[in-house]
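Coordinate analysis (summary)
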Amino acid sequence: MTDKPLRLGTRRSALAMAQSGHVADALTRATGREVELVEITTYGDTSREHLAQIGGTGVFVSALRDALADGSIDFAVHSLKDLPTASPEGLTLAAVPPRQDPRDALVARDGLTLGELPAGSRIGTGSPRRAAQLRALGLGHEIVPIRGNVDTRIKFVASGELDAVILAKAGLARLGRAGEATEVLDPLQMLPAPGQGALAVECASSDAALVELLGVLDDPDTRAAVLAERMLLAELEAGCSAPVGALADVSAGESDGEEVTELYLRAIVADGDGSRSVRLSATGPLDEAASLGRELAAEMLARGAAGLMGERVP
């Protein structure tokens, strides 16, 4: 590597730019290397179809990976929940920075919470996972499929077209709009998407010096947590847009008189109308995150999870 600025590939959305800018600033502070943002348009940004119809959130990733492959950028930042679980040849996940709040947030009219919204209220989301879990709550809300960036979705509420929308709390926070959430949803009500709230820093695996440089941004606890969540998703053979929620929490525990760090992983697979679900949890050592995800997925499949994921409600 030379001392010229590193080229960081990013989607053009306000949220992607904010996330990439945060990573660029953190890298410069930690290493002294300058970083310039290279804006890239992905198919997911230009298509107006719903995500479940165009292959899920992985459609936001391929253009950035193409730019890595052809050398037009040095590294890329993705929302980790958008990242397909299969590792692409020639690329490596160089860093998973500390995670923002992974929970979902409600932005509703009149400052209302989910429980305060009357039956028949129109709630917008583009996520089958969120829609299935909302329906499972049995509150009688109408779920409306939507697309668009954070600003567009919040405007649906401000204009009165919708009574509420559900967004990732982390996205609101990174845009400086966390105060617009009228409620942060407890994972007991709604488990987030695997990897939600975390970022992925990806580069060519052949560039050992860059891999090492980017490694200063890595947070081992966050990496272990999202590894467990993503391994569960992979073992379920579910895509990014499947109605699967998963969240791994890192906590300190004790075993044989010694302090150990453990992962508490909980997950849900629900059918599209929310009438049936498989919800399980498991605990294991931090250094066995992948095994924890695989084993919990196997148990969920044994309980009938596979039969739920193929069902969709428009």
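Scroll up to find the structure.
Positions within a chain are numbered from 1, following the residues in the order the chain's sequence is written. Where local features are concerned, this predicted model is filtered to residues with pLDDT of at least 70; where side-chain atom pairs are given and counted, the filter is 80 or more; whole-chain, interface and lining totals use all residues. To obtain the side-chain values, all non-hydrogen atoms of the structure were included, while hydrogens and water were left out.

1. Concerning helix 4 (residues 128-136)
In terms of burial, helix 4 is largely enclosed, as 7 of its 9 residues are buried. Each residue's exposure class comes from its accessible area (1.4 Å probe, protein chains only) as a fraction of the maximum for that residue type: buried when under 20%, exposed when over 50%, partly exposed otherwise. We count a stretch as a helix when DSSP gives it H or I for four or more residues in a row; a strand needs E for two or more, and each element gets its number in order from the N terminus. Restricting attention to buried positions, one finds in helix 4 the residues Pro128, Arg129, Arg130, Ala131, Ala132, Gln133 and Leu134. The opening residue of helix 4, the one whose side-chain oxygen lies 3.2 Å from the backbone nitrogen of Arg129, is Ser127. The positive-phi residue at the C-terminal boundary of helix 4 is Gly138, with phi of around 70 degrees. Polar contact criterion, stated in full: a pair of N or O atoms within 3.5 Å, where within protein one must be able to donate a hydrogen and the other to accept it, and residues adjacent in sequence count only if both atoms are side-chain atoms.

2. Quick look at the pattern of salt bridges
A pairing counts as a salt bridge when a side-chain nitrogen of Lys or Arg comes within 4 Å of a carboxyl oxygen of Asp or Glu. One pass over the full model with this rule turns up 19 salt bridges. One salt bridge connects Arg99 with Glu229, and the closest N-O pair in it is separated by 2.9 Å. Residue Arg99 is located in the loop between strand 4 (91-95) and strand 5 (104-108), and its partner Glu229 is located in helix 8 (residues 220-235); the two are separated by 130 residues in the primary sequence. Residue classification places Glu229 among the buried residues on the basis of a relative accessible area of 0%.

3. Looking at the nonpolar core
For this analysis, a nonpolar core means a set of buried residues of the types Ala, Val, Leu, Ile, Met, Phe, Trp, Tyr and Cys, connected via side-chain atoms within 4.5 Å. Within the largest apolar cluster, 26 residues are counted, with the highest numbers of intra-cluster contacts made by Leu232, Leu236, Val244, Leu263, Val269 and Met300. Only heavy atoms enter the contact rule, under which two residues are in contact if any of them lie within 4.5 Å. For Leu232, the residues in contact, after removing those within four places along its chain, are Val244, Ala246, Leu265, Ala267, Gly293, Leu296, Ala297 and Met300. Core analysis: the next-biggest nonpolar cluster, separate from the first, contains 18 residues, Leu6, Leu8, Val35 and Val201 among them.

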